[in-house]
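What follows is the residue order along each chain.
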Amino acid sequence: METVADTIHPAIPIAEARETEHDNVIQTDVTGTVGNPFVDTPRMTCRDVYVYYGDTCAIKNASIDVACNEVLAMIGPSGCGKSTFLRCLNRMNDTVPGCRVEGQITLDTTDIYHPSVDVVPLRARVGMVFQKPNPFPKSIYDNIAYGPKIHGLTASKGELDEVVETSLIKAGLWDEVKDRLAEPGTGLSGGQQQRLCIARAIAVSPEVILMDEPCSALDPIATAKIEELIAELRTQFSIVIVTHAMQQAARVSQRTAYFHLGNLVEVGDTDQIFTNPRHRLTEDYITGRFG
Amino acid sequence: MQPTESTNAFSPEFNQRLKRRYRAEQSFKLMGIGAIFIALAFLVFLLSTILMSGYSAFKQTYIKLDVTLDKEYFPDEDLAKGDFQGIVKASLYSMFPEVSGRRDKRMLNNLVSKGAAFKLMDMVEADPKLIGTSFSIWVPAKDDVDMLMKGNIDMDQPEANRRIKDKQYERIRTLEYGGRLQMRFNKTFFTSGDSREPELAGILSAAKGSFYTLVITLLLSFPMGVAAAIYLEEFAPDNTFTDLIEININNLAAVPSIIFGLLGLAIFINFWGIPRSTPLVGGLVLTLMTLPTIIIAARASLKSVPPSIREAALGVGASKIQTVFHHVLPLALPGMLTGTIIGMAQALGETAPLLMIGMVAFIVDIPGGFTDPAAALPVQIYLWADSPERAFTEKTSAAIIILLGFLILMNAVAVYMRKKFEIKW
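Residues numbered from 1 in each chain as written. Chains lettered and ligands numbered in written order. Predicted model: local features only at pLDDT ≥ 70, side-chain atom pairs only at ≥ 80, totals over all residues. Heavy atoms only, no water.

*Asks:* Help me out: how do you make sense of the packing of helix α8 (residues 204-235) of chain B against helix α15 (residues 377-385) of chain B in this one?
*Replies:* A pair of packed helices is characterised by two quantities: the angle between their axes and the separation of those axes. All names here are of chain B. Where α8 contacts α15, the axes come no closer than 8 Å and their chain directions differ by 145°. Where α8 approaches α15, its residues Ser-205, Ala-206, Ala-207 and Ser-210 are matched on the opposing element by Leu-377, Pro-378 and Gln-380. Class assignment for the residues of the contact of α8 with α15 results in four nonpolar, three polar and no charged. (Axes fitted to C-alpha atoms, helices over the stretch in contact; angles between N-to-C directions. Helix = DSSP H or I, 4+ residues; strand = E, 2+ residues; numbered from the N terminus. Contact = heavy atoms within 4.5 Å. Nonpolar A, V, L, I, M, F, W, Y, C, P; charged D, E, K, R; others polar.)

*Asks:* Help me out: how do you make sense of the domain arrangement of chain B in this one?
*Replies:* Many authors give the size of an interface as the accessible area that is lost as the parts come together. Residue and element names in this part refer to chain B. Segmentation of chain B into domains returns domain 1 (59-185) and domain 2 (204-421). On the domain 2 side, the residues contacting the six residues of domain 1 number five residues. Of the roughly 420 Å² buried between domain 1 and domain 2, counting both surfaces, carbon and sulfur atoms make up 48%. Considering only the surface of domain 1 that becomes buried against domain 2, Asp-143, Met-147 and Asn-152 emerge as the three largest contributors, covering 73% of it. Along the contact surface separating domain 1 from domain 2 lie one salt bridge. Between Lys-150 and Glu-394 there is a salt bridge, with the nearest N and O atoms lying 2.8 Å from each other. Taken together, domain 1 and domain 2 are joined by one residue pair in polar contact (both at pLDDT 80 or more). (Domains from an automatic or database assignment. Buried area = accessible area lost by both parts, 1.4 Å probe. Salt bridge = Lys/Arg side-chain N within 4 Å of Asp/Glu carboxyl O. Polar contact = N/O pair within 3.5 Å; in protein donor to acceptor, adjacent residues only side chain to side chain.)

*Asks:* Before we go on, may I ask you to explain the side chain of Asp104(B) in this structure?
*Replies:* On the secondary structure map, Asp104(B) appears in helix α3 (residues 102-109). Its relative accessible area of 13% is what places Asp104(B) among the buried residues. (Buried < 20%, exposed > 50% of the residue type's maximum accessible area, 1.4 Å probe, protein only.)

*Asks:* In this structure, what is going on with the packing of α8(B) against helix α13 (residues 320-348) of chain B? I would like to understand it.
*Replies:* All names here are of chain B. Put simply, α8 and α13 touch, their axes get as near as 9 Å, and they point 140° apart. One finds that α8 runs oblique with respect to α13. Pair α8 / α13 crosses with right-handed handedness. Contact residues: α8 offers Ser-210, Leu-214, Thr-217, Leu-218, Ser-221, Phe-222, Val-226, Ile-230, Glu-234 and Phe-235, while α13 offers Lys-320, Ile-321, Val-324, Phe-325, Val-328, Leu-329, Met-336, Leu-337, Thr-340, Met-344, Ala-347 and Leu-348. Tallied by class, residues from the contact of α8 with α13 come to 16 nonpolar, four polar and two charged. (Parallel < 35°, antiparallel > 145°, perpendicular 65-115°, else oblique. Left-handed = near helix turned anticlockwise from the far one by under 90°.)

*Asks:* I keep staring at the packing of aromatic side chains and nothing clicks. Help me out?
*Replies:* Aromatic ring pairs are reported here in terms of the distance separating the ring centres and the angle at which the planes meet. Residue and element names in this part refer to chain A. Under the definition given, this model contains 15 aromatic pairs over all chains. Relative to Tyr-146, the ring of Phe-136 lies with its centre 5.4 Å away and its plane at 75°, an arrangement referred to as edge-to-face. Of this pair, Phe-136 sits in the loop between β6 (126-129) and α4 (140-151) while Tyr-146 sits in helix α4, and the two are 10 residues apart along the sequence. The class for Phe-136 is buried, based on a relative accessible area of 0%. On the accessibility criterion, Tyr-146 (7% relative accessible area) is buried. (Phe/Tyr/Trp six-rings, centres within 6.5 Å; stacked < 30°, edge-to-face > 60°.)

*Asks:* Is there a simple way to explain the nonpolar core in this structure?
*Replies:* Nonpolar side chains in soluble globular proteins tend to end up buried together. With 44 residues, the main nonpolar core has Leu168(A), Met211(A), Ile230(A), Leu233(A) and Ile239(A) as its most contacted residues. Sequence-distant contacts of Leu233(A), defined by excluding residues within four places in its chain, comprise Lys170(A), Ile198(A), Ile202(A), Met211(A) and Ile239(A). The next biggest cluster of nonpolar side chains, apart from the first, holds 38 residues, and it includes Met289(B), Ala345(B), Leu377(B) and Ala399(B). (Core = buried A, V, L, I, M, F, W, Y, C linked by side-chain atoms within 4.5 Å.)

*Asks:* Just checking my understanding: could you explain the side chain of Gln60(B) for this structure?
*Replies:* Residues and elements named next belong to chain B. Mapped onto the elements, Gln-60 comes out in strand β1 (residues 59-68). Taking relative accessible area as the criterion, Gln-60 reaches 1% and is therefore assigned buried. At a separation of 3.3 Å, a polar atom in the side chain of Gln-60 contacts the side chain of Asn-186. In this structure the side chain of Gln-60 is engaged in a polar contact, spanning 2.9 Å, whose partner is the backbone oxygen of Glu-199. Setting aside residues no more than four positions away along its own chain, Gln-60 makes contact with Pro-140, Asp-146, Lys-150, Gln-182, Met-183, Arg-184, Asn-186, Glu-199 and Lys-395.

*Asks:* Even after reading the chapter, I still don't get the interface of chain B and chain A, so can you show me in this structure?
*Replies:* Contacts between the two partners involve 18 residues from chain B, matched on the other side by 21 residues from chain A. Together chain B and chain A conceal approximately 1,600 Å² of surface at their shared face, both sides included; 64% is due to carbon and sulfur atoms. Summed over the three residues of chain B that lose the most area to chain A, namely Glu311(B), Leu314(B) and Val316(B), the buried surface amounts to 33% of that side. Seen at the junction of chain B and chain A, the total is one salt bridge. Two residues, Arg87(A) and Glu311(B), come together in a salt bridge whose shortest N-O distance is 2.9 Å. Taken together, chain B and chain A are joined by five residue pairs in polar contact (both at pLDDT 80 or more). Those elements giving two or more residues to the side of chain B that touches chain A turn out to be α12 (307-315) and α13 of chain B. When residues of the side of chain B that touches chain A are assigned to their parent elements, the largest contribution, seven residues, is made by α12(B). A per-class count over the side of chain B that touches chain A returns nine nonpolar, seven polar and two charged.

*Asks:* So what exactly am I meant to see when it comes to the confidence of the model for chain A here?
*Replies:* It should be kept in mind that the predicted coordinates are not to be read in detail where pLDDT is low. Residues with a pLDDT of 70 or more make up 89% of chain A, whose mean pLDDT is 84. With pLDDT under 50 throughout, residues 1-29 of chain A is counted as low confidence; its partners more than four residues away or in other chains account for 50 contacts. (pLDDT = per-residue confidence, 0-100.)

*Asks:* Looking at this model, I keep getting lost on the pairing of strand β1 (residues 42-53) of chain A. Mind explaining?
*Replies:* The side chains of a regular strand alternate, residue by residue, between the two faces of the sheet. Residue and element names in this part refer to chain A. Alignment of β1 against strand β2 (residues 56-67), held across eight bridges, turns out to be antiparallel. Paired with Val-51 across the strands is Ile-59, a residue of β2. The antiparallel pairing of β1 with β2 creates a hairpin that spans two residues between the two strands, and Gly-54 there sits at a positive phi of about 65°. Looking at chain direction, β1 and strand β4 (residues 99-107) are connected through eight bridges and run antiparallel. Residue Arg-47 lies in a different strand from β4, and its bridge partner there is Gln-104. (Pairing = 2+ DSSP bridges.)

*Asks:* For this particular structure, what's the right way to read a positive patch on the surface?
*Replies:* On the surface, Arg17(B), Lys19(B), Arg20(B), Arg21(B) and Arg23(B) cluster together to form a positively charged patch. Summarising the element assignment, Arg21(B) is placed in helix α1 (residues 12-54). (Patch = residues over 30% accessible without salt bridge, like charges linked within 9 Å, V, L, I, M, F, W, Y side chains within 5 Å. Areas by Shrake-Rupley, 256 points an atom, 1.4 Å probe, with all protein chains shown as cover. Lys, Arg positive; Asp, Glu negative; His and termini not counted. Charge placed at Lys NZ, Arg CZ, Asp CG, Glu CD.)

*Asks:* What am I meant to see in the sheet that holds strand β2 (residues 134-140) of chain B here?
*Replies:* Sheet strands associate in pairs through backbone hydrogen bonding, adopting either a parallel or an antiparallel arrangement. Residues and elements named next belong to chain B. An order of β2-β1-β3 is seen for the three strands of this open sheet, with the pairing classed as antiparallel. Strands with a single pairing partner mark the edges of an open sheet, and in this sheet they are β2 and β3 (181-185). Recorded for the sheet is a direction-independent mean angle of 40° between the axes of neighbouring strands. Judged from the five bridges that link them, β1 and β3 form a sheet pairing that is antiparallel. Bridge pairing links Ile-63 to Leu-181 in β3. Lying on the sheet, helix α4 (residues 115-126) is in contact with β1 and β2; it crosses β2 at an angle near 130°.

Right under this line is the structure:
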């Protein structure tokens, strides 16, 4: 069977490395992406994605793959469009008035922007964790159980209990909350709340988890726990994480994408991006010259 | 090194400015306190005048009569046709045997309310065996006697200018010394409907009318208002049409209420043929008036639900309607309830639109349902305030006390509901 990815793949020109440009003035008008944004067995593929808010173009011509069992980090200065791009992956941008997405994004070869695609099951398959911990103002148990309940994933109360327990265990929260599942989720500390949100996302067994700066509101200790958790979750899920902390990207991710003013400037292995960036903009950002 | 005396590390100009800033803050605080004080003073003045003039209506003067229910008063099989007025008169004449002449007798009879005969009638109908016996009962005194007892009639005025004549005054004193005159709790005020006689007038029919009207208003306006608000806030597309609807709803909230009354008269009564003066049509009109208030309050409380909750729900794959009903609505509900109760309190106090649909009629009977003619509390106040009898003045204030009591009760319920349904955030 010919997949969407197969048909589109060859058409994309892979930008060549521009090491020669290193001595030039900083280029802000970039065309094409440096490095190889594609992988052999993609879980999600994005091709020629443009995102508009009204007349403003927020993302210009981004093409990138998300591999299975990898953590893909997206970095870049504020307003560069990385969060916008992330929210395209589970169509959260649908709720933003005036937002328009062009191009093709597929999940397991299904075009998620096809009119026949229902956004509800899509979001069950592509879960999301937000910048600010946002547990429902319900009990810890209900926070986790809500997703499986509305999707009818469990047949009995016992099964549901099991899903809640395994989700909390996976999120590394079980030992801390097992005795107080009936207490409100909003009563937990910030780091616990964020892990609760991660548990809520994995309770519906998604394939991809999107994380939008999940640690920006947390202290270093809570951040370390979340990062540990991300590393463990990678064995089961694909994770796309937007982060401002470059150290975090370096620690948790396998591949890194650098966005600049709506352009996907460079994609590459995390080691390579942080040690030997191939684009001037990436280098400037990573070395802290701007951003 | 010695520390310097003051914090004069700054220039004198700076310190001057600092002082001015503090002075400005101080005077602003004082003005605020003054404003609150003046507002409170007005409120206390208003409430105390109403209470002072109204509390006496809860007491009423009663006269003790010795009645003999001779069989001759009941010539007919139908006991209701008995001459109860005659029994009362006979009792009075026996107490004051010296009274003679038509004028004199009328003055004597005028000490006792017409309600005395009705009271006897009720007793006889309940227990026909009373006929032929003699007993003592307490009956309401005429309103003028009541006013005299409450000190509202100045006996220093020339006789022609007072409602109580000298002879009547003497007899009232005689009754009082004989222990036959007593101030008692005014049960009639809470158990009967309107009446031409102040001593027989009560608030019950108006209170029940208001109650039925508000039930209709609540049942219609709450679901409609909340549904409209949810649709407009959560589902409606953001376009010129919805903008137009929003502007119109906001304008409707500011339309004078009497216009809604005219609309009700034209459509509900004249076009749909709903009986006038009924709580049903009153409720419909007040629904029109309350809807914009509820919609605006409900939309505001939906808006105040943090978007992160919507995102969280959408993020785990809840549909739009699940997001709204499982997560947004429970958080918005306390605000919606508060808005609704404020709207209902407004409706309870509304008079003008009810005047247009006939709820201003003089209605003695206590309404038993939504389609019985009824008055409403504020309309009753308006009617009594318009009555010439001196005794209606205190009834008016008493009715205002009752109305205010209901309003305070409703607001208390609003506060309670907000606390009860509030979700800790």
